[in-house]
Amino acid sequence: MNRPFRILGLQQIAIGSMDKQRLKTLWVDLLGIPVTGTFKSERENVDEDILTLGEGRAAVEIDLMQPLDPERKPAVQATPLNHIGLWVDDLPAAVQWLEAQGLRFAPGGIRRGAAGHDICFVHPKGNEQFPVSGEGVLIELVQAPPELCG
């Protein structure tokens, strides 16, 4: 296949829980991975701490998430491994091409994510119109910064 984009690497993993403090006990207190930011969004129903593992181009974001309202969606706590994020060199081209191949995207389109990059999500379940999906895994496509696109 002739794709108009490249996947450049793992950008993040996101882990959900009803109580992100319990996640921080493991990831921050015991494993020593530093918190480098926070993000709250009513629209995304999330309160998250952003950790950074590694440095430079090899850095991977680890998001520890809890819902602002456990009764609302998206339910960031519903699956402990909430989603994985992949760096992509041309997000708009990727979305356009992947949709044409039958890939289903989650509602919301391309938008600014917690770390300041443009993002969108591949839906974990296909449907009649878009039969290709993440097969049970929510996948975040993240526009890579220019220094990664080299």
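Keep in mind the model is a prediction, meaning the values are calculated, not measured.

## Points about the overall build of the chain
- Secondary structure summary: the chain contains 3 helices and 8 strands in total.
- When the helices and strands of the chain are listed from N to C terminus, the series reads β-α-β-β-β-β-α-β-β-β-α.
- In terms of C-alpha radius of gyration, the chain reaches 15 Å, essentially the compact-globule figure of 15 Å for 150 residues.
- In terms of overall dimensions, the chain has a C-alpha envelope of 45 × 40 × 25 Å along the principal axes.
- When the 150 residues of the chain are sorted by exposure, 42% land in the buried category.
- In the chain, the proportion of contacts linking residues at least 24 apart, taken out of those at least 6 apart, comes to 56%.

## Examining the sheet that holds strand β7 (residues 118-122)
- Spatial ordering of the open sheet is given by β2-β3-β4-β1-β5-β8-β7-β6, a layout of 8 strands whose pairing is mixed. Both edges of this open sheet fall to β2 (35-41) and β6 (111-112), since each of them pairs with a single strand only.
- Taken strand by strand, helix α1 (residues 20-30) contacts β1 (7-16), β2, β3 (46-53) and β4 (60-66), and its axis lies near 150 degrees from that of β4.

## Remarks on the environment of A14
- Mapped onto the elements, A14 comes out in strand β1.
- When its relative accessible area of 0% is taken as the criterion, A14 is described as buried.
- Considered as a pair, A14 and Q101 are 87 residues apart in the sequence and their alpha carbons are 26 Å apart.
- What A14 contacts, discounting residues up to four positions off in sequence, is D63, M65, P80, L81, N82 and H83.

## Section: the layout of surface pockets
- Taken as a whole, the largest pocket spans an internal volume of roughly 1000 Å³.
- As for the largest pocket, its lining consists of 39 residues, of which E44, P74, N82, F121 and L138 are closest to the centre.
- Broken down by secondary-structure element, the contributors of at least two residues to the lining of the largest pocket are β1, β2, β3, β4, β5 (81-88), β6, β7 and β8 (138-143).
- Taken together, the residues that form the lining of the largest pocket break down as 18 nonpolar, 11 polar and 10 charged.
- Looking at the second largest pocket, its volume works out to about 230 Å³.
- Around the second largest pocket, the lining is made up of 16 residues, and of these Q11, A59, E61, W87 and H117 lie nearest the centre.

## Regarding the environment of V35
- As for its position among the elements, V35 is in strand β2.
- Considered as a pair, V35 and K24 are 11 residues apart in the sequence and their alpha carbons are 9.0 Å apart.
- Each residue touching V35, except ones within four places of it in the same chain, is listed here: K24, V28, D49, I50 and L51.

## Focus: α1
- Where α1 is concerned, the buried positions are K20, L23 and W27. Looking straight down α1, one finds its buried side chains confined to an arc of 60 degrees; they lie on one side. Turned more than 90 degrees from where α1 packs its buried face, R22, D29 and L30 sit exposed.
- Close packing links the buried residues of α1 with β1, β3 and β4.

Rules behind the numbers
Residues numbered from 1 in each chain as written. Predicted model: local features only at pLDDT ≥ 70, side-chain atom pairs only at ≥ 80, totals over all residues. Heavy atoms only, no water. Helix = DSSP H or I, 4+ residues; strand = E, 2+ residues; numbered from the N terminus. Rg over C-alpha atoms; globule rule 2.2 N^0.38 Å. Buried < 20%, exposed > 50% of the residue type's maximum accessible area, 1.4 Å probe, protein only. Contact = heavy atoms within 4.5 Å. Pairing = 2+ DSSP bridges. Axes fitted to C-alpha atoms, helices over the stretch in contact; angles between N-to-C directions. 1 Å grid on protein atoms, 1.4 Å probe; cavity = no way out; pocket = protein on both sides within 12 Å on 5 of 7 lines; lining within 4 Å. Points joined across faces, edges and corners; volume = space filled by probe spheres on them. Nonpolar A, V, L, I, M, F, W, Y, C, P; charged D, E, K, R; others polar. Arc of directions from axis to C-beta.

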